[in-house]
Amino acid sequence: MCGIAGFHSLNPEHAGASLVKKMIAKSGYRGPDQSGVKSYDHTTLGMARLSIVDTAQHTIPYEDREGRVTLVFNGEIYNHEDIRAGLGSDCRFDTDSDAETLLYAYLKKGISFLDDLNGMYAIALHDRVDDCTYVIRDKAGEKPVYYTEGPDFIAFASEIKSLLELVEPQLNSEEISYRAYEFSVGKATLFKGIYQLEPGDYLKIKDGRLEVRSYWKVWEHLIDTGDDLNRVRKDLTELLEDAILLRTKNCAHQYGCFVSGGVDSALVACIAKPDFIYTCHYNLGPEFDELQYAQMVAKHIGRELVVVEPGPDDFTRVREDIAFHLDTPCTWTSFSLWMLLERARQDIKVVMAGDGADEIFSGYHRYHLLNHDEQIHKLKAMEEYQYLINKYYGSPIERYAKLVNRCDNIYDREVGEYLLKNVGQYFNHGSDDVVHSMGLCDFYSTMQVLLQMSDRMTMAFSIENRSPFLDYRLIQYAYSMPSSFKIRDGITKWILKDIAGQFIPKAIVERTDKRGFSAPVNRWFGWDQHGKYNRSVYRNMVLEDWKKVFGVA
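Just so it is clear, the structure is predicted and the values come from calculations on it, not from any experiment. (Residues numbered from 1 in each chain as written. Predicted model: local features only at pLDDT ≥ 70, side-chain atom pairs only at ≥ 80, totals over all residues. Heavy atoms only, no water.)

J.: Just checking my understanding: could you explain the packing of helix 6 (residues 229-246) against helix 18 (residues 472-480) for this structure?
T.: Packed helices, taken two at a time, are described by the angle their axes make and the gap between the axes. One way to put it is that helix 6 packs onto helix 18 with a least axis distance of 9 Å and a crossing angle of 160 degrees. When the axes of helix 6 and helix 18 are compared, the pair comes out roughly antiparallel. Crossing handedness for the pair helix 6 and helix 18: left-handed. Contacts between helix 6 and helix 18 involve Arg231, Val232, Asp235, Leu236, Leu239, Leu240, Asp242, Ala243 and Leu246 from the former and Arg473, Leu474 and Tyr477 from the latter. For the contact of helix 6 with helix 18, the residue count by class is eight nonpolar, no polar and four charged. (Axes fitted to C-alpha atoms, helices over the stretch in contact; angles between N-to-C directions. Helix = DSSP H or I, 4+ residues; strand = E, 2+ residues; numbered from the N terminus. Parallel < 35°, antiparallel > 145°, perpendicular 65-115°, else oblique. Left-handed = near helix turned anticlockwise from the far one by under 90°. Contact = heavy atoms within 4.5 Å. Nonpolar A, V, L, I, M, F, W, Y, C, P; charged D, E, K, R; others polar.)

J.: Please explain unusual backbone geometry as it appears in this structure.
T.: It is generally the case that most residues other than glycine have a negative phi and that most peptide bonds are trans. In this structure, the amide linkage connecting isoleucine 60 to the following residue, proline 61, adopts the cis form with an omega of 0 degrees. Inspection of the secondary structure puts proline 61 in the loop between strand 3 (43-49) and strand 4 (62-63). Although it is not a glycine, serine 362 adopts a positive phi angle of roughly 60 degrees. Position of serine 362 among the secondary structure elements: in the loop between helix 11 (357-360) and helix 12 (367-377). By relative accessible area, which is 0% here, serine 362 ends up buried. In the Ramachandran plot, lysine 493 falls in the positive-phi region, its phi being about 50 degrees despite a non-glycine side chain. Its place among the elements puts lysine 493 in the loop between helix 18 and helix 19 (494-500). (Buried < 20%, exposed > 50% of the residue type's maximum accessible area, 1.4 Å probe, protein only.)

J.: Please clarify how the pattern of salt bridges should be interpreted in this entry.
T.: Side chains that differ in sign of charge can pair as their charged atoms come close. Following the criterion strictly, the structure yields 43 salt bridges and no others. Note that aspartate 130 and arginine 68 form a salt bridge whose closest N and O atoms lie 3.9 Å from each other. Of this pair, aspartate 130 sits in the loop between strand 6 (119-127) and strand 7 (132-137) while arginine 68 sits in the loop between strand 4 and strand 5 (69-77); the two residues are 62 residues apart in sequence, bridging distant segments of the chain. According to the relative accessible area criterion, aspartate 130 is partly exposed, its value standing at 36%. Two residues, arginine 179 and glutamate 414, come together in a salt bridge whose shortest N-O distance is 3.2 Å. Of this pair, arginine 179 sits in helix 5 (residues 176-181) while glutamate 414 sits in helix 15 (residues 413-427), and the two are 235 residues apart along the sequence. For arginine 179, a relative accessible area of 31% translates into the label partly exposed. What makes glutamate 414 partly exposed here is its relative accessible area of 46%. One network of salt bridges, in which partners are shared, links Arg30, Lys143, Glu159, Lys161, Asp327, Asp455 and Arg456. (Salt bridge = Lys/Arg side-chain N within 4 Å of Asp/Glu carboxyl O.)

J.: Looking at this model, I keep getting lost on the pairing of strand 7. Mind explaining?
T.: Every regular strand shows the same layout, with side chains that alternate between the two sheet faces. Within strand 7, six of the six residues are buried, which leaves the element mostly enclosed by the surrounding structure. By the bridge criterion, six bridges tie strand 6 to strand 7 in an arrangement that is antiparallel. For leucine 125, the partnering residue across the bridge sits in strand 7 and is tyrosine 134. Counted between consecutive antiparallel strands, the loop separating strand 6 from strand 7 contains four residues, among which aspartate 131 sits at a positive phi close to 50 degrees. Sheet topology note: the strand 7/strand 11 (residues 201-206) ladder contains four bridges and is antiparallel. For valine 135, the partnering residue across the bridge sits in strand 11 and is leucine 203. (Pairing = 2+ DSSP bridges.)

J.: Help me out: how do you make sense of helix 8 (residues 291-301) in this one?
T.: Spacing of three or four residues puts side chains on the same side of an α-helix, whose turn is 3.6 residues. Residues of helix 8 that are buried: Leu291, Tyr293, Ala294, Val297, Ala298 and Ile301. Turning to helix 8, the residues buried within the fold contact helix 7 (263-272), strand 14 (276-280), strand 15 (305-308) and helix 20 (506-509). In the segment just after helix 8, glycine 302 is the residue with positive phi, at about 70 degrees.

J.: Honestly, the environment of serine 462 in this entry has me stumped. Any pointers?
T.: Assignment of secondary structure puts serine 462 in the loop between helix 17 (446-460) and strand 17 (464-466). Residues serine 462 and arginine 84 lie 378 residues apart in sequence; the distance between their C-alpha atoms is 27 Å. In this structure, serine 462 is in contact with Tyr29, Pro32, Leu50 and Lys349, ignoring residues within four places of it in sequence. Only 2.7 Å separates the side chain of serine 462 from the backbone oxygen of tyrosine 29, close enough to count as a polar contact. (Polar contact = N/O pair within 3.5 Å; in protein donor to acceptor, adjacent residues only side chain to side chain.)

J.: Looking at this structure, I do not really get the side chain of glutamine 196. What am I missing?
T.: For glutamine 196, the position within the fold is in strand 10 (residues 195-196). In this structure the side chain of glutamine 196 is engaged in a polar contact, spanning 3.1 Å, whose partner is the backbone oxygen of glycine 186. Not counting residues up to four positions away in its chain, the partners in contact with glutamine 196 are Arg137, Val145, Tyr146, Tyr147, Gly186, Lys187 and Thr189.

J.: Honestly, the side chain of arginine 539 in this entry has me stumped. Any pointers?
T.: Mapped onto the secondary structure, arginine 539 falls in helix 22 (residues 535-550). For arginine 539, the side chain forms a polar contact with the side chain of aspartate 408, separated by 2.3 Å. Beyond its immediate stretch of four places on either side in the chain, arginine 539 contacts Tyr178, Glu182, Thr331, Arg406 and Asp408.

J.: Explain the nonpolar core to me, please; I cannot follow it from the model alone.
T.: Most often, soluble globular proteins have nonpolar side chains that are buried together. Phe113, Ile123, Ile136, Tyr181, Phe361, Phe443 and Ile504 are the most contacted members of the largest nonpolar core, which has 156 residues in total. With residues near it in sequence (within four places) discarded, phenylalanine 361 still touches Leu236, Phe469, Leu474, Ala478, Met481, Lys486, Lys493, Ile495 and Leu496. Formed by 23 residues, the second largest nonpolar core is a distinct cluster that contains Met23, Val167, Ile194 and Val552. (Core = buried A, V, L, I, M, F, W, Y, C linked by side-chain atoms within 4.5 Å.)

If you want it as structure tokens, here you go:
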């Protein structure tokens, strides 16, 4: 895992190398092992390196032998050895690094080399022959890329704070997605003039101009899975095991798993069998107590469970640190994850987690609502009433837009129109299947903020996070198979739980009270007399913390 940055300008008065060094230093914790910057013509690339696969020191940024291509890279390519084997005997490698594999894959295939990558990555490469720079974000959005355009320059980086070397920290008052979701979704950010590269997209920078292109979206890569349950169960079991075990390789260090007591993290831990296993525990009664399930996982795989028990003083102590590392405010608390990492850094440099399972396998309970409605609407007896249903009850797009709306003012017309457009674009790619459509919508919206939290929190401690459920093969399969395998008999993630029964304790598979890594901040600080999560108080707090930390005007 690393941090990358770059600067492009046709104006020779810009000191690109000096600027990129400052940008890299702003997030040096992403790559404490090594750093490097190089300038070519109008482009400067830099990176800070955290060595995971190959612990040897290299000359960075990376170059091929002929000096045609220069590359900086953040992430891991889990299948890079297979890619190397397919490049032919004329490719001679000097290192074991997956970054060098990317160099020669590009030289062999051009930008289409991205199709072969199984991993998480943010890549920037400069081709001196074509005098062109590509900046690429991975298929699921695990690794971040931000960019900005000035009057005579283009710059990009792994974290927003690096771009504040070039952009004044001003509030983007037109950023409507924050009002709708309580975090930024899509291209826009809360910083005026700073943008996020979306999953499966890349920038092409040439002659002072920037173009955003797409190379991978879920709906463009669906496959034929058939509808036979036994076949789907067999295929998914093999894919899950391979995706998890693949992420236990490419690692020269001990690794751990964070378990919350739910199916997703338990499945990862029970197949991966990590060196360490951690959980967060709040001794405030059954509403927050999942310790017994985490203990089941530890016993099942024969590992000692490391239990972290934070308190309100810890929350006060780390509030501004979290705001700094997140870059933008998020109303979903990152506190439990931060506390787990604060303890885990003593033992590990790699951690595995269950990110993405709820989105691709339909694990959220809100999915029941539209799924139940659609089953009724599809009854033959209801065929003549579809017009009236859509007119008075609302189309699936309208209903889901209302369901995910977090705006305090439910009558905010601008937010309502934005959500209809944003939700609609994913429902239009969902093949008229409401379950797949809801999952696609969340994959490209709410899941992205979870990945933001995961990346920033782990990188704050120079720890790499790996998410097996975001293997692109699993994503393809999950959105291609019949959605009836996702929600069945009132059970969300039905097929995943069916498969998990082979690997994890039965009591976890049968749980219906799963909570996740939430923190009892309302209970601690009296924000609500019933101890419920008061979103408005927490949202206002993290927004003010963000403004204070970054000096946002």
